[in-house]
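Take a look at the letters that make up each chain.
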Amino acid sequence: MDNNISAWLEEADDDMLDDFDPDEDDSDGDVLDNPENSDESVENESDSEMSCSDDSIRNDFRGYNKDTDVEEIRALIGLLYIAGMLRNNHINLSDLWANDGFSPYIFRAVMSERRFYLLLRALRFDNIHTRNERKTIDNLAPIRTVFDEFVNRCISFYTPGEYCTIDEMLEGFRGRCKFRQYIANKPNKYGIKIFALVDSRVFYTVNMEIYAGKQPIGPFLQNNSGASVVKRMLKPIAKTGRNITIDNWFTSVPLAVELLKDYKTTIVGTLKKNKREIPTCFLDTKNRQICSTKFGFGDNNCLLLSYVPKKGKNVMMLSTIHTQGDIDPNSGDKKLPEVISFYNMSKGGVDVVDELKGEYSVSRNSHRWPLTVFFSLLNIAGINS
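Residues numbered from 1 in each chain as written. Predicted model: local features only at pLDDT ≥ 70, side-chain atom pairs only at ≥ 80, totals over all residues. Heavy atoms only, no water.

Undergrad: Hey, could you run me through the overall build of the protein chain in this one?
TA: Regarding its fold elements, the protein chain presents 15 helices and nine strands. Evaluated residue by residue, the protein chain yields a buried proportion of 50% over its 385 residues. Across the protein chain, the fraction of contacts at a sequence separation of at least 24, relative to all contacts at a separation of at least 6, is 66%. Element-wise, carbon and sulfur atoms account for 47% of the exposed surface of the protein chain, whose accessible area totals about 18900 Å². (Helix = DSSP H or I, 4+ residues; strand = E, 2+ residues; numbered from the N terminus. Buried < 20%, exposed > 50% of the residue type's maximum accessible area, 1.4 Å probe, protein only. Contact = heavy atoms within 4.5 Å. Areas by Shrake-Rupley, 256 points an atom, 1.4 Å probe, with all protein chains shown as cover.)

Structure (structure tokens):
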């Protein structure tokens, strides 16, 4: 993915580089240099505490606010990757640049600590002079160009395998953002939600979409329902005969039928019990034996199953790739249907990407959500490469 990053920089408009202005404050917040500043404190800081006056910036960075270029931005990204590789992404900058014999020499050799901090603080991904105008029709205006270009290159550089996963990522962020989400079962709890299409076997991220809440009326207004998200995400693999594995937030019988008919794509997914297409006999578990399975076959090529792993619990699954109600012989006394075994094998694509991103993450604490998204793109680029 080095070609991706190089292409961004080489094809960037001159005015975007000119907009790296350390004297300008666009009220998106700053990079947090000190990891001791907790995420919770970000929400409680006043606007005056989250921004610096022009005079203070000029005084603090006097002699360091020279013009930048592509080579220096490449060096900045390289240092972020090195810090991630050393698992020092949350180490204070003064410790990374310390001349005490314990800190890596590479950081001091490439650029000064204050220059590194200044570049991160001034880093923007769009033309700031037209941002307010673009914000009237797009909540993602500060990162739209870079994000879309990255996704397009991920799509064009790799052909995914036959099994893919669609799920959501959550980039941890507690600063100001109108579409910040809370997801209780994610490690970060609060952050930027990103839907992703991932190859289930090699964990290559093929397609992504940031959840931006309700967009203003205009070209970026779209339906955020689970079915609509799935249909947008699978466009790169539509009508290729592949299978996608999804969870119960996305899965529905109408979606499964539509994907099979119009997109030539099969699905396997868990199913919520409140779907009206489910027969009542599949929901009643009072007289069911533990590890028993009920199968239902529809005229629309859908296989519905109800599995009771323990008393009082009912697992509902829907599949359009399986045509028979077979039991996995390797599941032993659990007597798992092959549909569930297949789901367990292919469901973890996005979760594994999240785990790999955290292993050698380049992300640093930030008050600016576009920078948080950019760090995520760098992490995904490292995995895809």
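Still more to cover.
Undergrad: Before we go on, may I ask you to explain the packing of helix 5 (residues 70-85) against helix 15 (residues 369-384) in this structure?
TA: Geometry of a packed helix pair, given as the angle between the helix axes and the separation of the axes. The geometry of helix 5 relative to helix 15 is characterised by a closest axis approach of 11 Å and an angle of 70° between their N-to-C directions. Judged on the interaxial angle alone, helix 15 and helix 5 are roughly perpendicular. Residues Ile77, Leu80 and Tyr81 of helix 5 form the contact with helix 15, whose participating residues are Phe374, Phe375, Leu378, Ala381 and Gly382. Looking at the contact of helix 5 with helix 15 residue by residue, the classes come out as seven nonpolar, one polar and no charged. (Axes fitted to C-alpha atoms, helices over the stretch in contact; angles between N-to-C directions. Parallel < 35°, antiparallel > 145°, perpendicular 65-115°, else oblique. Nonpolar A, V, L, I, M, F, W, Y, C, P; charged D, E, K, R; others polar.)

Undergrad: Just checking my understanding: could you explain the packing of aromatic side chains for this structure?
TA: Both the distance between ring centres and the angle between the ring planes are used here to describe each pair of aromatic rings. Here the structure, examined in full by the defined rule, presents 10 aromatic pairs. Taking 6.0 Å as the distance between ring centres and 15° as the angle between the ring planes, the aromatic pair formed by phenylalanine 195 and tryptophan 249 counts as stacked. Taken together, the residues phenylalanine 195 in strand 3 (residues 190-199) and tryptophan 249 in the loop between strand 5 (243-246) and helix 12 (253-262) connect sequence positions 54 residues apart. Overall, the relative accessible area of 37% leaves tryptophan 249 in the partly exposed class. Feature note: the residues Trp97, Phe107 and Phe116 constitute an aromatic cluster, connected by ring pairs. Over the aromatic face of tyrosine 211 sits the side chain of lysine 193, whose NZ or CZ is 4.7 Å from the ring centroid. Lysine 193 extends its terminal NZ or CZ atom over the ring of tryptophan 249, reaching a point 5.6 Å from the ring centre. (Phe/Tyr/Trp six-rings, centres within 6.5 Å; stacked < 30°, edge-to-face > 60°. Lys NZ or Arg CZ within 6 Å of the ring centre and 35° of its normal.)

Undergrad: For this particular structure, what's the right way to read the pairing of strand 8 (residues 303-308)?
TA: Along any regular strand the residues' side chains alternate between the sheet's two faces. Counting buried positions along strand 8 yields six of six residues, so the element is predominantly enclosed. The alternating pattern of strand 8 places Leu303, Leu305 and Tyr307 and Leu304, Ser306 and Val308 on opposite faces, both of which are buried. With six bridges joining them, strand 7 (residues 292-297) and strand 8 adopt antiparallel strand pairing. The partner of glycine 296 across the bridge, within strand 8, is leucine 304. Here strand 7 hands over to strand 8 after five residues, with asparagine 301 in that stretch at a positive phi of 65°. The pairing of strand 8 with strand 9 (residues 315-319) spans five bridges and is antiparallel. Paired with leucine 304 across the two strands is leucine 318, which belongs to strand 9. Between strand 8 and strand 9, which pair antiparallel in sequence order, lie six residues; one of them, glycine 312, sits at a positive phi of approximately 85°. (Pairing = 2+ DSSP bridges.)

Undergrad: Hey, could you run me through the nonpolar core in this one?
TA: What tends to happen in soluble globular proteins is that the nonpolar side chains get buried as a cluster. Counting residues in hydrophobic clusters, the biggest one holds 74 residues, and the most contacted among them are Phe116, Ile143, Met208, Ile210, Ile244 and Trp369. Element by element, the count of residues in this core is highest for helix 15, at nine residues. Ignoring anything within four residues of it in the chain, the contact list for phenylalanine 116 reads Leu76, Leu79, Leu80, Leu93, Trp97 and Met111. (Core = buried A, V, L, I, M, F, W, Y, C linked by side-chain atoms within 4.5 Å.)

Undergrad: Even after reading the chapter, I still don't get the confidence of the model for the protein chain, so can you show me in this structure?
TA: Detailed reading of the predicted coordinates is not advisable wherever pLDDT is low. Residues at a pLDDT of 70 or more form 83% of the protein chain, whose mean pLDDT is 85. Here helix 3 (residues 39-44) is the element of the protein chain with the lowest mean pLDDT, 39, and strand 4 (residues 205-210) is the one with the highest, 97. Long-range and interchain partners of residues 7-53, a stretch whose pLDDT sits below 50, account for 99 contacts in this model, where long-range means more than four residues apart. (pLDDT = per-residue confidence, 0-100.)

Undergrad: Could you clarify how one ought to interpret the side chain of glutamate 72 in this entry?
TA: Locating glutamate 72 in the fold gives a position in helix 5. For glutamate 72, a relative accessible area of 15% corresponds to the buried category. Residues within four places of glutamate 72 in sequence aside, it is in contact with Lys66, Asp67, Met111, Arg115 and Leu119.

Undergrad: How should I be thinking about helix 11 (residues 226-233) in this particular structure?
TA: The α-helix advances 3.6 residues per turn, and as a result positions three or four apart in sequence lie on the same side. Among the eight residues in helix 11, six count as buried, and that is most of the element. Considered for burial, the residues of helix 11 that qualify are Gly226, Ser228, Val229, Val230, Arg232 and Met233. Contacts made by the buried residues of helix 11 are with strand 1 (163-172), strand 3, strand 4, strand 5 and helix 12.

Undergrad: Teacher, can you tell me more about unusual backbone geometry here?
TA: Note on backbone geometry: most residues besides glycine have negative phi, and most peptide bonds are trans. The phi dihedral of lysine 189 falls on the positive side, at around 65°, and the residue is not glycine. Along the chain, lysine 189 turns up in the loop between strand 2 (181-182) and strand 3. Phi is positive for phenylalanine 203, close to 60°, though the residue is something other than glycine.

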